[in-house]
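# What the coordinates show
Each chain, letter by letter, is given below.
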Amino acid sequence: MSGAVKKRIPEGYKQTEVGVIPEDWLVAELGTLCSYQNGMAQESYFNKSSGYKVVSIGNYSPTGRFVSTGSYIARSHAAVIRKFILNKGDLAMILNDKTAVGTIIGRVLLIDKDDEYVMNQRTMRLASNGKISPEYLYFLINSDFIHKNIVGLSKPGTQIYINTDDVTSLPLCAPADKKEQTAIANALSDVDALITSLEKLIAKKRAIKTAAMQQLLTGKKRLSPFDQNHTGYKQTELGEIPEDWEVIRIGDIADVKTGPFGSSLHERDYVQDGTPIITVEHLGEIGISSQNLPMVSDLDRARLRAYSLRKGDIAFSRVGSVDRNALILSEHEGWLFSGRLLRVRFKNRDAVPSFFSHQFHTAPFKQRVLEVAVGQTMASLNTQILKGILVLNPSSKAERAAISGVLDNMNTDISRVMGRLEKTQQIKQGMMQELLTGRTRLI
């Protein structure tokens, strides 16, 4: 017997150009399920105050949500732009993407109100002709497996783009029964509602943490028993601070080292399994991100041991986003840092690195970093610049530790909810793969 063994198609299913789907589902090109219309340049009517919300290239999230950019068109222009005003149930697709990876291109927004949004150029209206539920189509087009097909249709240019004819010729599958379409859309909408509630909870907790940072890291609010130990406040370069606090420079308490330059470490040195090396993209809001970590061999690790990290170090971006930084924890001990980073290593064990890490994430500190950065085309720091930046330092190690403890607990709480959000997002992707291909039936 020669040739590949054919996979058995389950009973009640059929093989189609989009894969194996239920026998009672249909396959149709997008353009036969919807009418479609391209947007037109509306910039001459833009304002920043009120009116119709503009749907343009900057208004799409990678998950198909509207992101406000503060662009409006006054309702007094309604007669001129009438044909581009979107209706409830319309889908607005983005036809261009500023990035080469295509995270936004082909994403659709589901319009939830009449007379509220207007299309700009590089967008396309998709209006269901009654054969398909707009809500079902919204989830289908934004699913990873369909979005991947749309990105495959894109053309290169200064921005990657897709042609209307190509995307409207895309074959899609759907239950023939509108009730099943609605059931699938409702199930995915319920998961979306949970995701939205978790996102709002994270935003609320972040706001509470920001307020606490503003109070605790400036000494405006003192934790017990330190609120009883000071006599007043004094005026400094960084504003009014407690009498028993001081203004110092980073170089007073820490050494700063630049990562290995290009001649010491090349991308070709990376291996599949070895010692991780962090760079700018791994500096997260709450610690180090472990996604897509490059690695180097044991031989290179030994050669680059001067660039190893210890618990309590703080890694700073050296170029570009120079206000990004992250605290090194015990699980990162022995990792390396790249030439695009600076390593802050405290001289004294009493420093309480986590206290300064929290301070380094405050808006005033970040602003100080941006003000002293050099470079015309790209912001840049060096060891001397970073050493010279001012920070606040409570005289008591115990107070530094107490403040850090409060904020660490808040970070832990935020991380816990972020973990729930990530798991829910993964569950949603799994549900979409099952429900939108008919592998799991709700009716």
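Above this text sits the structure in question.
Residues numbered from 1 in each chain as written. Predicted model: local features only at pLDDT ≥ 70, side-chain atom pairs only at ≥ 80, totals over all residues. Heavy atoms only, no water.

Reading across from one edge, β4-β12-β8-β10 is the order of the four strands in this open sheet, with antiparallel pairing throughout. Edge positions in the sheet fall to β4 (34-38) and β10 (108-110), since each of these pairs with one other strand and no more. Each neighbouring strand pair of the sheet contributes to a mean axis angle of 25 degrees, computed without reference to strand direction. In terms of strand pairing, strand β8 (residues 91-94) meets β10 through three bridges, oriented antiparallel. Residue pairing for β10: Met93 is matched across the bridge by Val108. (Pairing = 2+ DSSP bridges. Helix = DSSP H or I, 4+ residues; strand = E, 2+ residues; numbered from the N terminus. Axes fitted to C-alpha atoms, helices over the stretch in contact; angles between N-to-C directions.)

Let's shift gears to the state of the cysteines. Taken as a whole, this structure holds zero disulfides when the rule is applied. Of the cysteine sulfurs around Cys173, a residue in no disulfide, the closest is that of Cys34, at 14 Å. (Disulfide = S-S within 2.5 Å.)

Moving on, we get to the sheet that holds strand β23 (residues 295-296). Read across the open sheet, the four strands follow the order β19-β23-β20-β26; overall the sheet is mixed. The sheet is open, and its two edges are formed by β19 (270-271) and β26 (336-337), each paired on a single side. For strand β20 (residues 275-278) and β23, the ladder comprises two bridges, and the chain directions are antiparallel. Counterpart to Thr275 in the pairing with β23 is Val296.

This brings us to the pattern of salt bridges. Using the criterion set out here, one finds 19 salt bridges in the structure. We note a salt bridge from Asp24 to Arg441, for which the minimum N-O separation is 3.1 Å. Of the two residues, Asp24 sits in the loop between β2 (19-22) and β3 (25-29) while Arg441 sits in the segment after α12 (397-435), which places them 417 residues apart along the sequence. Judged by relative accessible area, which is 45%, Asp24 ranks as partly exposed. Of the residues examined, Arg441 reaches a relative accessible area of 30% and is grouped as partly exposed. For Glu116, the salt bridge identified is with Lys53, shortest N-O distance 3.9 Å. One end of the pair, Glu116, is in the loop between β10 and β11 (117-119); the other, Lys53, is in strand β6 (residues 52-55), with 63 residues separating them in the sequence. Linked through salt bridges whose partners overlap, the residues forming this network are Lys53, Arg75, Arg82, Asp115 and Glu116. (Salt bridge = Lys/Arg side-chain N within 4 Å of Asp/Glu carboxyl O. Buried < 20%, exposed > 50% of the residue type's maximum accessible area, 1.4 Å probe, protein only.)

Residue position: Thr437 is located in the segment after α12. Under the relative-accessibility criterion, Thr437 is labelled buried at 11%. Among the polar contacts listed, one links the side chain of Thr437 to the backbone oxygen of Gln433, at a separation of 2.5 Å. Those residues in contact with Thr437 that lie beyond four places of it in its chain are Val20, Ile21, Pro22, Trp25, Phe145 and Met432. (Polar contact = N/O pair within 3.5 Å; in protein donor to acceptor, adjacent residues only side chain to side chain. Contact = heavy atoms within 4.5 Å.)

Now for the packing of helix α9 (residues 353-360) against α12. Taken N-terminus to C-terminus, the directions of α9 and α12 make an angle of 60 degrees; their axes are 8 Å apart at the nearest point. Relative to α12, α9 is oriented oblique. Viewed along their axes, α9 and α12 form a crossing whose handedness is left-handed. Taking contact as the criterion, the partners of Ser354, Phe355, Phe356 and His358 in α9 are, on α12, Arg400, Ile403, Ser404, Leu407, Asp408 and Asn411. For the contact of α9 with α12, a count of residues per class yields four nonpolar, four polar and two charged. (Parallel < 35°, antiparallel > 145°, perpendicular 65-115°, else oblique. Left-handed = near helix turned anticlockwise from the far one by under 90°. Nonpolar A, V, L, I, M, F, W, Y, C, P; charged D, E, K, R; others polar.)

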